[in-house]
Amino acid sequence: MTATIEKPTAQAEAGRSARSLVDTVFRAREISIAGALVLLVLFTWIAEPRFLNDQGVKDLLLNAAILVLLAVGQSVVVVTRNIDLSVGSVVGLSAFACGKFVSGTDHGPLLVALLGIAVGMACGLVSGALVSFGKVPALVVTLGMLYIIQGIDYWWAEGEQINAADVPQSVLDLGSGSVLGIPYLPLISFAVLAVTAYFLRSYRSGRELYAIGSSPEAARLAGVPIRRRVLGAYVFSGAVAGFAGSLWLARFGTVVADNAHGWELTVVSAVVVGGVAIVGGVGTVWGAALGALLLTTIGSALSVLKVDSFWEDAISGALLLAAISVDRIVNVRMTRALRKRSAR
Amino acid sequence: MSQADSTGVPVLALKGVNKSFGAVRALRDVSLELFPGEAHALAGENGAGKSTLIKTLAGVHRPDAGQVLLDGEPVVFHGPADARDVGIAVIYQEPTLFPDLSIAENIFMGRQPRRGLGRIDHKAVRSATAALMGRLGVALDPDRPARGLSIADQQIVEIAKALSFDARVLIMDEPTAALTGSETARLFSVVEALRAEGAAVLFISHRLEEIFRLCQRVTTLRDGRWVASEPLAGLTEDDLVRRMVGRDLDELYPKQDTRVGETALSVHRLTREGVFRDVSFEVRRGEIVALAGLVGAGRTEVAQAVFGVDRADAGEVRVAGTPLRPGSPNAAMAAGLALVPEDRRQRGLVMEMSIERNIGLTGLDRISGGGLVKRALERGRATDWATRLQLKYGRLSDHVGVLSGGNQQKVVLAKWLATDPAVLIVDEPTRGIDVGTKAEVHRLLSSLAAEGLAVLMISSDLPEVLGMADRVLVMHEGRMVAEIPRAEATEESVMAAATGRTGKGRAAA
């Protein structure tokens, strides 16, 4: 009889410590990335003080803005145990479409952004429909979409390029302007990030995305509309990538057919480095954004320190492997720890 | 305790339902009526179609023919959500949870209480979960992730899920299989309370005494067909068994007398932290030793550790006296071990490969020369074993996915017997196969033992354990709690040990 009386309290304790264990692990991930970021910035600053002058900080934020945005969109897809490799091409297509649309006109930034979002949503809709309703593996679908969208972009551009001179000043102002010394672009990314994070945490459909990634079978039995949610995730990722395309135009003014070529892999790296599990169900957009910030800051730091840019790729690669290894080890350890705690 | 009103309209019913999966006819013309305030038992052997029936009621499967009736009106469930929305709660035999999400989220996924602007009220979710845990009398932290929960605790989460919406129909597929005596009692009191409030209950259990304790009516299935629906009052356990089995038990369990030889497999103090602990036993040549216990007692895990699929944290395995290198299935095979796994579709076979390829997989070195597989040898090996096991197939080059469950199981057996093992470990050898093939598998195991093979048989099918085993080992919550010789093995003695009611050395760790 004593056993039955003692058990609940022991279990409750195990439960409490299990929760704090899990909390610690996830917070540890975000804290350690933030820590690495601070160390990197400090180190670079000491070696080259100009790194953190007004313009330096602005450049850091501007460089990160678009990647952070894409990482937010990608996280929403990865959390459902899928992937979207087409985002780089979508950015390229959307930037070019927006450029074509505004060149020689005086359309304002709002219209440009809406067009970019619409282009991206259309791409996301196709990928999402194939993945969710067609039941084709996400890797294949979005790889195919990457090439198709790129092809459309090349075919349309025919070697043509959009020049800053053709883009209305109001649009360019969005890319270069700032409020209280902070450029618009990072502010926009931050807003999208905060809203997405809040949505994922506090709305049923947001939690269902995690449920799908954690266990598709359980999600099915719980009556989660899996196909609709996955489709939604792709449309969101597409919309965000399309929006990023219009911001690309605003920032650089000059647009060629293969803008953002190869960015999809950087985005996936950022997301994984930021602690979003590639097998789904785990991770936050905050982490993914930190991952994106870390990757772009490494790039900026290396160029300030005049290190060969070849190292940037190598370091990103090493970081990615490290992040995945840590995920795996933590996962195994935590499962074992939780199992031992609940063993009776 | 309100007496059930069996004359009224059933809240949920099946009428003339048929359901097939490929060539396997899981349900044939099955009808069932569930009345408010009544607990209805569903009886039948493994593979009789109980799980398919439940999934049809739950909206997971749609019947090929026949109707699902809700309050007397035909309904079509397009998915589990439809069934849930009309108040049907299902507790599956194997809990399906989101390992990365908290217990609270697992319970309320898709139905979280909300506050303004459609936002989830996290505080309400947590307190509602705490209240459910209180009602069930367990102390599980609502914020703890489901990963690493014991099977019993996972079951608790499933039960809490069913309680969380006021279910009109509660369907439970062997909910007590992994629970201890006190947990079962608690579950039953909750079910009684729901029933008193007018909910209809459909209950599946292999433990007949639970059926008699909890239920008022019983429907029996055999080989996918409806056998009878009747009040339990006036029935005896023997009546029920006769309806379930429909044939003489001796015919189903043809146990041959064998001469027991020297020790073939000896396991000494094998431990895998958090899964099983301090497990020791021996299997001798010519012997069939059953490993009984509840789902989640750690039996499959012991078999996996013995065979080297999982690495044990401590302990030793010896085959014919020689210590086995841990963590290496290859070493285990070389030493003469063979493991027929529980899940033949996932682990036993490569479903897209042909019969001959599957059988050849365990002996690639024997059927190949110069690094290439010799088709003639491969086919010869497959033909030989297909004939010996009386496999029913079209061509050996057909892929195994087209075979019925029983024939697939024979392919798995062929695949392993072809390695000429000294010790055969079979995990749930007859789960989900029809009664005829089941008897064939039993006859095969029996004659193999008579030829001097050592057989370790993991089974949750109690009649199978009692009918086939020379000795019964019983595990409970990761420990070996009893060893019962054939003469003393009864349903009562095995179940008592498996549920932890007897047996020494049960420590609350």
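Nothing here was measured: the structure is a model prediction, and the numbers come from that model.

Asker: How should the overall build of chain B be read in this particular structure?
Answerer: Each helix and strand counted, chain B has 19 helices and 22 strands in total. What you see for chain B is a C-alpha radius of gyration of 24 Å, in line with the 23 Å of a compact globule of 509 residues. Counting every position in chain B, which comprises 509 residues, the buried fraction comes to 56%. A separation threshold of at least 6 residues defines the contact pool for chain B, and within that pool the share at least 24 residues apart is 67%. Here chain B has roughly 20400 Å² of accessible surface; of this, 49% comes from carbon and sulfur atoms. Computing the positive centroid from 63 side-chain charges and the negative centroid from 66, chain B places the two 4 Å apart.

Asker: I tried to follow the pattern of salt bridges on my own but got confused; where do I start?
Answerer: A side chain with one charge may pair with a side chain of the opposite charge, provided their charged atoms come close. All names here are of chain B. Counted by the stated rule, this structure contains 29 salt bridges over all chains. Residue glutamate 356 is joined to arginine 379 by a salt bridge in which the shortest nitrogen-to-oxygen separation is 2.8 Å. Of this pair, glutamate 356 sits in helix H13 (residues 355–360) while arginine 379 sits in helix H15 (residues 375–388), placing them 23 residues apart in sequence. The exposure class of arginine 379 is partly exposed, given its relative accessible area of 38%. Among the salt bridges present, the one from glutamate 483 reaches arginine 471, with a minimum N-O distance of 2.8 Å. With glutamate 483 in strand S22 (residues 479–485) and arginine 471 in strand S21 (residues 471–476), the pair connects residues that are 12 residues apart, well separated along the chain.

Asker: Whenever I open this one, the sheet that holds strand S11 (residues 263–272) of chain B confuses me. Can you help?
Answerer: The pairing of strands in a sheet comes from backbone hydrogen bonds and takes either a parallel or an antiparallel form. Residues and elements named next belong to chain B. Pairing in this open sheet of 4 strands is antiparallel, and the strands run S12-S11-S14-S15 from one edge to the other. Edge strands, defined here as strands with exactly one partner in the open sheet, are strand S12 (276–284) and strand S15 (322–323). In this structure, S11 lies alongside S12, joined through 6 bridges in antiparallel fashion. Bridge pairing in S12 links leucine 270 to valine 279.

Asker: It is not clear to me how the side chain of glutamine 304 of chain B should be interpreted in this structure. Could you clarify?
Answerer: You can see glutamine 304 of chain B is positioned in helix H10 (residues 299–307). According to the relative accessible area criterion, glutamine 304 of chain B is buried, its value standing at 11%.

Asker: I tried to follow the domain arrangement of chain B on my own but got confused; where do I start?
Answerer: Quoted interface sizes are often the accessible area lost when the parts come together. Partitioning chain B into structural domains gives domain 1 (12–97 + 149–246), domain 2 (247–336 + 421–504) and domain 3 (351–419). Here domain 1 of chain B and domain 2 of chain B have C-alpha centroids that lie 30 Å from each other.

Asker: Whenever I open this one, helix H2 (residues 54–78) of chain A confuses me. Can you help?
Answerer: For an α-helix, 3.6 residues make a turn, and residues three or four places apart therefore share a direction. All names here are of chain A. Over its 25 residues, H2 runs 35 Å from end to end, which matches the ideal 36 Å to within 8%, given 1.5 Å per residue. The largest bend along H2 reaches roughly 35° and is located at alanine 65. Of all 25 residues in H2, 18 are buried, a share of seventy percent or more.

Asker: Explain the sheet that holds S22 of chain B to me, please; I cannot follow it from the model alone.
Answerer: All names here are of chain B. With mixed pairing, the 6 strands of this open sheet are ordered in space as S16-S19-S20-S13-S21-S22. Where the open sheet ends on each side, the last strands, each with one partner, are strand S16 (337–340) and S22. Taking each pair of neighbouring strands and ignoring which way they run, the sheet shows an average axis angle of 20°. Where strand S19 (residues 423–427) and strand S20 (residues 454–458) come together, 5 bridges link them in parallel fashion. Following the sheet pairing, isoleucine 425 is matched in S20 by leucine 456. In this fold H10 packs onto strand S13 (288–293), S16, S19, S20 and S21, with an angle of close to 145° to the strand it touches most, S16. Lying over the sheet, helix H19 (residues 491–498) contacts S13, S21 and S22, oriented at roughly 30° with respect to S21.

Asker: Before we go on, may I ask you to explain the packing of H2 of chain A against helix H11 (residues 263–273) of chain A in this structure?
Answerer: Residues and elements named next belong to chain A. For the pair H2 and H11, interaxial distance at closest approach is 9 Å and the crossing angle is 70°. If you check the angle between H2 and H11, you find them roughly perpendicular. Contacts between H2 and H11 involve Ile66, Leu67, Leu70, Ala71, Gln74, Ser75 and Val78 on the former and, on the latter, Trp263, Thr266, Val267, Val268 and Val271. In terms of residue class, the contact of H2 with H11 is made up of 9 nonpolar, 3 polar and no charged.

Asker: Got a minute to help me understand helix H4 (residues 109–132) of chain A in this structure?
Answerer: Under the 1.5 Å per step criterion, the end-to-end length of H4 of chain A is 33 Å for 24 residues, consistent within 8% with the ideal 34 Å. Looking only at H4 of chain A, the buried set comprises Val112, Ala113, Gly116, Val119, Gly120, Cys123, Gly124, Ser127, Gly128, Val131 and Ser132 of chain A.

Asker: Before we go on, may I ask you to explain the environment of glycine 452 of chain B in this structure?
Answerer: Residue and element names in this part refer to chain B. Examined against the element boundaries, glycine 452 turns out to sit in the loop between helix H17 (435–450) and S20. When its relative accessible area of 15% is taken as the criterion, glycine 452 is described as buried. For the pair formed by glycine 452 and glutamate 192, sequence separation is 260 residues and the distance between their alpha carbons is 51 Å. Excluding residues that lie within four positions of it along the chain, glycine 452 makes contacts with Arg285 and Gly286.

Asker: Please explain a nonpolar patch on the surface as it appears in this structure.
Answerer: Residues and elements named next belong to chain A. Residues Val57, Leu61, Val179, Leu180, Ile182, Tyr184 and Leu187 make up a contiguous nonpolar surface patch of roughly 580 Å² in combined accessible area. Secondary structure elements with two or more residues in the nonpolar patch: H2 and helix H7 (184–202). With respect to the helices and strands, the residue isoleucine 182 is situated in strand S2 (residues 182–183).

Asker: Explain the side chain of serine 102 of chain B here, please?
Answerer: Residues and elements named next belong to chain B. Note on placement: serine 102 falls in the loop between strand S6 (88–91) and helix H3 (103–108). Classification of serine 102 by relative accessible area gives buried; the value is 13%. Ignoring any residue separated from it by four or fewer positions in sequence, one finds serine 102 in contact with Pro142, Asp143, Arg144 and Pro145.

Asker: Explain the confidence of the model for chain A to me, please; I cannot follow it from the model alone.
Answerer: Detailed conclusions should not be drawn from predicted coordinates in areas where pLDDT is low. Confidence along chain A averages 85 in pLDDT terms, with 90% of residues attaining 70 or more. In this model residues 1–16 of chain A is a low-confidence stretch, pLDDT under 50, and it forms 13 contacts with partners more than four residues away in sequence or in other chains.

Asker: Mind showing me how you'd approach unusual backbone geometry here?
Answerer: Negative phi is the rule for most residues except glycine; trans is the rule for most peptide bonds. At leucine 180 of chain A, a residue that is not glycine, the phi angle is positive and equals roughly 55°. Relative to the helices and strands, leucine 180 of chain A is located in the loop between strand S1 (178–179) and S2. We classify leucine 180 of chain A as exposed; its relative accessible area is 84%. Of note, glutamate 428 of chain B is a non-glycine position whose phi angle comes to about 50°, a positive value. Position of glutamate 428 of chain B relative to the elements: it lies in the loop between S19 and H17. Since its relative accessible area comes to 3%, glutamate 428 of chain B is described here as buried.

Cut-offs applied
Residues numbered from 1 in each chain as written. Chains lettered and ligands numbered in written order. Predicted model: local features only at pLDDT ≥ 70, side-chain atom pairs only at ≥ 80, totals over all residues. Heavy atoms only, no water. Helix = DSSP H or I, 4+ residues; strand = E, 2+ residues; numbered from the N terminus. Rg over C-alpha atoms; globule rule 2.2 N^0.38 Å. Buried < 20%, exposed > 50% of the residue type's maximum accessible area, 1.4 Å probe, protein only. Contact = heavy atoms within 4.5 Å. Areas by Shrake-Rupley, 256 points an atom, 1.4 Å probe, with all protein chains shown as cover. Lys, Arg positive; Asp, Glu negative; His and termini not counted. Charge placed at Lys NZ, Arg CZ, Asp CG, Glu CD. Salt bridge = Lys/Arg side-chain N within 4 Å of Asp/Glu carboxyl O. Pairing = 2+ DSSP bridges. Domains from an automatic or database assignment. Expected span 1.5 Å × (residues − 1). Bend = angle between axes of the 7 residues up to and from the residue. Axes fitted to C-alpha atoms, helices over the stretch in contact; angles between N-to-C directions. Parallel < 35°, antiparallel > 145°, perpendicular 65-115°, else oblique. Nonpolar A, V, L, I, M, F, W, Y, C, P; charged D, E, K, R; others polar. Patch = residues over 30% accessible without salt bridge, like charges linked within 9 Å, V, L, I, M, F, W, Y side chains within 5 Å. pLDDT = per-residue confidence, 0-100.

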